[in-house]
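Read off the chains here:
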Amino acid sequence: MNLFRLRLLTLIPLVFLLFGGETTLLPAAETSDAAQTPTPKQVRKPAPSGKVQKPAPKRGSLTRAARRARAKAAAATAAQAAKPAAAQTAKPTAATPSQMETIAPGTVASAPAESGKAEPVSAQWETATFGGGCFWCVEGCFLLVPGVKKVVSGYAGGRTANPTYAEVTKGDTGHAEVVQVTYDATKVTYEELVDLFWESHDPTQLNRQGSDVGPQYRSIIFVRDETQRRIAEQSKAGAQRELRSPIVTEIVPLQKFYVAEDFHQQYAKRHPGAPYCKFVVKPKLEKFKKVLDE
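Quick notes on the rules
Residues numbered from 1 in each chain as written. Predicted model: local features only at pLDDT ≥ 70, side-chain atom pairs only at ≥ 80, totals over all residues. Heavy atoms only, no water. Pairing = 2+ DSSP bridges. Helix = DSSP H or I, 4+ residues; strand = E, 2+ residues; numbered from the N terminus. Axes fitted to C-alpha atoms, helices over the stretch in contact; angles between N-to-C directions. Contact = heavy atoms within 4.5 Å. Core = buried A, V, L, I, M, F, W, Y, C linked by side-chain atoms within 4.5 Å. Buried < 20%, exposed > 50% of the residue type's maximum accessible area, 1.4 Å probe, protein only. Expected span 1.5 Å × (residues − 1). Arc of directions from axis to C-beta. Right-handed = clockwise from strand over helix to strand, strands pointing away. Salt bridge = Lys/Arg side-chain N within 4 Å of Asp/Glu carboxyl O.

### Considerations on the sheet that holds strand β1 (residues 125-132)
Overall, mixed pairing links the 6 strands, which are arranged β7-β6-β1-β3-β2-β8 in an open sheet. Two strands lie at the open edges of the sheet, namely β7 (250-253) and β8 (257-259), each paired on one side alone. Strand-to-strand twist in this sheet, taken as the mean axis angle between neighbours without regard to direction, amounts to 35°. As defined by bridge partners, strand β2 (residues 148-156) adjoins β8 across 3 bridges and the pair is classed as antiparallel. Pairing of Tyr155 across the sheet is with Tyr258, part of β8. Relative to strand β6 (residues 219-223), helix α8 (residues 226-240) is tilted by about 150°, and along the sheet it contacts β1, β6 and β7.

### Structural notes on the side chain of Gln228
Looking at the element boundaries, Gln228 is found in helix α8. Setting aside residues no more than four positions away along its own chain, Gln228 makes contact with Thr127, Tyr190, Phe222 and Val223.

### Notes on the nonpolar core
One recurring pattern in soluble globular proteins is that nonpolar side chains are buried together. Among the nonpolar cores identified, the biggest contains 42 residues, and Phe130, Phe142, Tyr190, Leu193 and Ile221 are the most heavily contacted of them. Not counting residues within four places of it along the chain, the set of residues in contact with Phe142 comprises Phe130, Val148, Val151, Val179, Val181, Leu193, Phe197 and Ser200. Formed by 9 residues, the second largest nonpolar core is a distinct cluster that contains Ala156, Ala176, Val178 and Phe222.

### So, α8
Across its 15 residues, α8 extends 21 Å between first and last C-alpha, which sits within 8% of the 21 Å expected from 1.5 Å per residue. Of all the residues in α8, the buried ones are Gln228, Ile231, Ala232, Ser235 and Ala239. All buried residues of α8 lie within an arc of 100° about the axis, which places them on one face of the element. Where the residues of α8 are buried, they touch β1, α7 (190-199), β6 and β7.

### Comments concerning the pairing of β7
Across 4 bridges, β6 lies against β7 in parallel orientation. Along β7, the bridge assignment pairs Val223 with Pro253. Taking the sense of rotation as the criterion, the β-α-β connection linking β6, α8 and β7 turns out right-handed.

### Some points on the pattern of salt bridges
Summed over the entire model, instances satisfying the criterion amount to 2 salt bridges. Arg218 is the salt-bridge partner of Glu250, the closest N and O atoms lying 3.5 Å from each other. Here Glu250, found in strand β7, pairs with Arg218, found in the loop between β5 (212-213) and β6; they are 32 residues apart in sequence, far enough to count as distant. The exposure class assigned to Glu250 is partly exposed, which follows from its relative accessible area of 35%. Under the relative-accessibility criterion, Arg218 is labelled buried at 10%. In this structure, Glu226 engages Arg229 in a salt bridge whose closest nitrogen and oxygen atoms are separated by 2.5 Å. With Glu226 and Arg229 both in helix α8 and 3 residues apart, the pair spans about one turn of that helix. Arg229 sits in the partly exposed class, given a relative accessible area of 32%.

Below you can see the structure in the form of structure tokens.
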């Protein structure tokens, strides 16, 4: 027995030498398992049963629903921007009379010289163009209308650019003698001006007014837009019911308005003693005043 113990004690060191001392199979197995254990970044939550897990969208990308929502919001914004604001649906800021016509003879009326006077803040300046015989008469009538700021005599409706009075009076240019009325729409309306236009001349006379004969003296209304055309047509129909003879007044779009020579501007006012002013213009103005006083 003592001999067996002695041999056993002798073998123990040999066993340690053969198996590497502290190195055992158990630590090796643990190391292998640790190498196979996924790191936290490698762990993915399993998808619920019956559903296929979709990878999360990359940062900065949009899902289909998000894209649709953004597109809908953009469309709504564009539609809102396309709708004029309440301030825009009202009448646009109107130009002052000094921005509406030139005063140089024979040029297109578009930008006259500044008057130097401050215009009322509430004023809404608009323009109307009428032809009813000699422009000296029609000009004098509309200068009497409250709310009218300026009346300029000129030519419109013809084929010749920059016409002169001498050319127009021959009747070959196609132009009519007309007036361009600048008025404050807050004080007098376009409809009221058209109604007064019928009172300023005889709209049943074709290509003449009294002793003034020729196409340059024709009765005509030049309109700037569909609104003016509609108002003029309705007013014409109303005036026709008051007259036995048919109204021959033309209602046509305004192409260009040419300012007449300085000599013709406010002629009756500057030359009240001239024969034509005494016997033609003055009686018309007196009749027109009675209409305004009614």
